[in-house]
Amino acid sequence: MCNLLSIFRKASTKSTAPKGAASRCTFAAVAFSELLLLNEPSLAASSETVAALIRRTEEQAQAFNSGDMVKWHKMTLLSDDFTLMQPFGGPLSRGFDGSAAHLAELARSFRNGDAKLEMVTSYASNDLVVLAFVERQHGEVYGLPDQDWSLRVTQVYRRVDSYWQLVHRHADPLARPIGLERAAALARGE
């Protein structure tokens, strides 16, 4: 029996497959090394998975901004350790109250809106996907008239079994430059 590991090491350092009459072990090692190289990207979430998460995230944003919180909540798989950095500032919140009363309160607070995602970038590994995007959205928020509410957003999804759960969301309303003076005033709490 051949030493597959030593042949694999030799084969993986060559830029081309062995020429001539290769032994079965050498052929197997080369095929194995090519299989590893081809499958290495599959250690990360597939591009189809990332595309599906992007579509689902946009649909969630549309449901949320239109005030359809029941639909939003059914579509959004939140982890038990979900964290949120809200666009209105303040401390980070942990968990989510998915009660009917809270969903009804949210539905009264966010109405008649819509949203489209403008992707900036995504990162994927075996069990995590990070999406960075701008939510180009508008709506009536907490009784204010319909206006632009575009947000810069980062969302982190974690794979649990075959499901992707939202574990973190950070959103801020700084989609347009505000300048140093305004940023300094916000940092001071003004």
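Residues numbered from 1 in each chain as written. Predicted model: local features only at pLDDT ≥ 70, side-chain atom pairs only at ≥ 80, totals over all residues. Heavy atoms only, no water.

Colleague: Would you mind going over the overall build of the protein chain with me for this structure?
Modeller: Along the protein chain, the regular secondary structure elements total 6 helices and 7 strands. Along the chain direction, N to C, the helices and strands of the protein chain fall in the order α-α-α-α-β-β-α-β-β-β-β-β-α. Counting contacts in the protein chain only where the partners sit at least 6 residues apart, residues at least 24 apart contribute 53% of the total. When the accessible surface of the protein chain is summed, it comes to about 12200 Å², and 57% of that surface belongs to carbon and sulfur atoms. (Helix = DSSP H or I, 4+ residues; strand = E, 2+ residues; numbered from the N terminus. Contact = heavy atoms within 4.5 Å. Areas by Shrake-Rupley, 256 points an atom, 1.4 Å probe, with all protein chains shown as cover.)

Colleague: Can you help me understand the packing of aromatic side chains in this one?
Modeller: Inspection of the entire model under this criterion finds 6 aromatic pairs. Between the aromatic rings of Phe-110 and Tyr-142, the centroid separation amounts to 5.4 Å while the plane-to-plane angle is 70°, which identifies the pairing as edge-to-face. Here Tyr-142 lies in the loop between strand E4 (128-141) and strand E5 (147-148) and Phe-110 lies in strand E3 (residues 110-124), a separation of 32 residues in the sequence. When its relative accessible area of 10% is taken as the criterion, Phe-110 is described as buried. (Phe/Tyr/Trp six-rings, centres within 6.5 Å; stacked < 30°, edge-to-face > 60°. Buried < 20%, exposed > 50% of the residue type's maximum accessible area, 1.4 Å probe, protein only.)

Colleague: Looking at this structure, I do not really get the pairing of strand E7 (residues 163-172). What am I missing?
Modeller: The side chains of a regular strand alternate between both faces of the sheet. With 7 of 10 residues buried, E7 is to be regarded as a mostly interior element. Across 9 bridges, the pairing between strand E6 (residues 151-160) and E7 is antiparallel. Paired with Gln-155 across the two strands is Arg-169, which belongs to E7. Count of turn residues in the E6/E7 antiparallel hairpin: 2 residues, of which Asp-161 carries a positive phi of about 60°. (Pairing = 2+ DSSP bridges.)

Colleague: Would you explain unusual backbone geometry in this entry?
Modeller: Even without being a glycine, Asn-112 presents a positive backbone phi close to 50°. Along the chain, Asn-112 turns up in strand E3. Judged by its relative accessible area of 43%, Asn-112 is partly exposed. Even without a glycine there, the phi angle at Tyr-142 is positive, about 50°.

Colleague: Explain the side chain of Thr-76 to me, please; I cannot follow it from the model alone.
Modeller: The topology assignment puts Thr-76 in the loop between helix H4 (69-75) and strand E1 (78-85). Take Thr-76: its relative accessible area is 5%, and that puts it in the buried class. There is a polar contact of 2.7 Å between the side chain of Thr-76 and the backbone oxygen of Trp-72. Those residues within four positions of Thr-76 in sequence are excluded, and the remaining contacts are Gln-60 and Leu-166. (Polar contact = N/O pair within 3.5 Å; in protein donor to acceptor, adjacent residues only side chain to side chain.)

Colleague: Before we go on, may I ask you to explain the nonpolar core in this structure?
Modeller: A general feature of soluble globular proteins is that nonpolar side chains tend to end up buried together. One finds Val-129, Leu-131 and Tyr-157 to be the most contacted residues of the largest nonpolar core, which totals 27 residues. When residues of this core are traced back to their parent elements, those giving at least two are helix H3 (47-66), H4, E1, helix H5 (100-109), E3, E4, E6 and E7. Top contributing element to this core by residue count: H3, with 5 residues. Setting aside residues no more than four positions away along its own chain, Leu-131 makes contact with Val-50, Leu-53, Ile-54, Thr-57, Met-119, Thr-121, Ser-122, Val-153, Thr-154, Gln-155 and Tyr-157. (Core = buried A, V, L, I, M, F, W, Y, C linked by side-chain atoms within 4.5 Å.)

Colleague: So what exactly am I meant to see when it comes to the pairing of E4 here?
Modeller: Note that E3 and E4 share 12 bridges and pair antiparallel. Residue pairing for E4: Phe-110 is matched across the bridge by Val-141. Where E3 folds back onto E4 in an antiparallel hairpin, the turn is made up of 3 residues.

Colleague: I keep staring at the environment of Asp-161 and nothing clicks. Help me out?
Modeller: For Asp-161, the location among the structural elements is in the loop between E6 and E7. Residue class for Asp-161 comes out exposed when judged on its relative accessible area of 69%. Through-space distance from the C-alpha of Asp-161 to that of Asp-127 is 9.4 Å; in sequence the pair is 34 residues apart.

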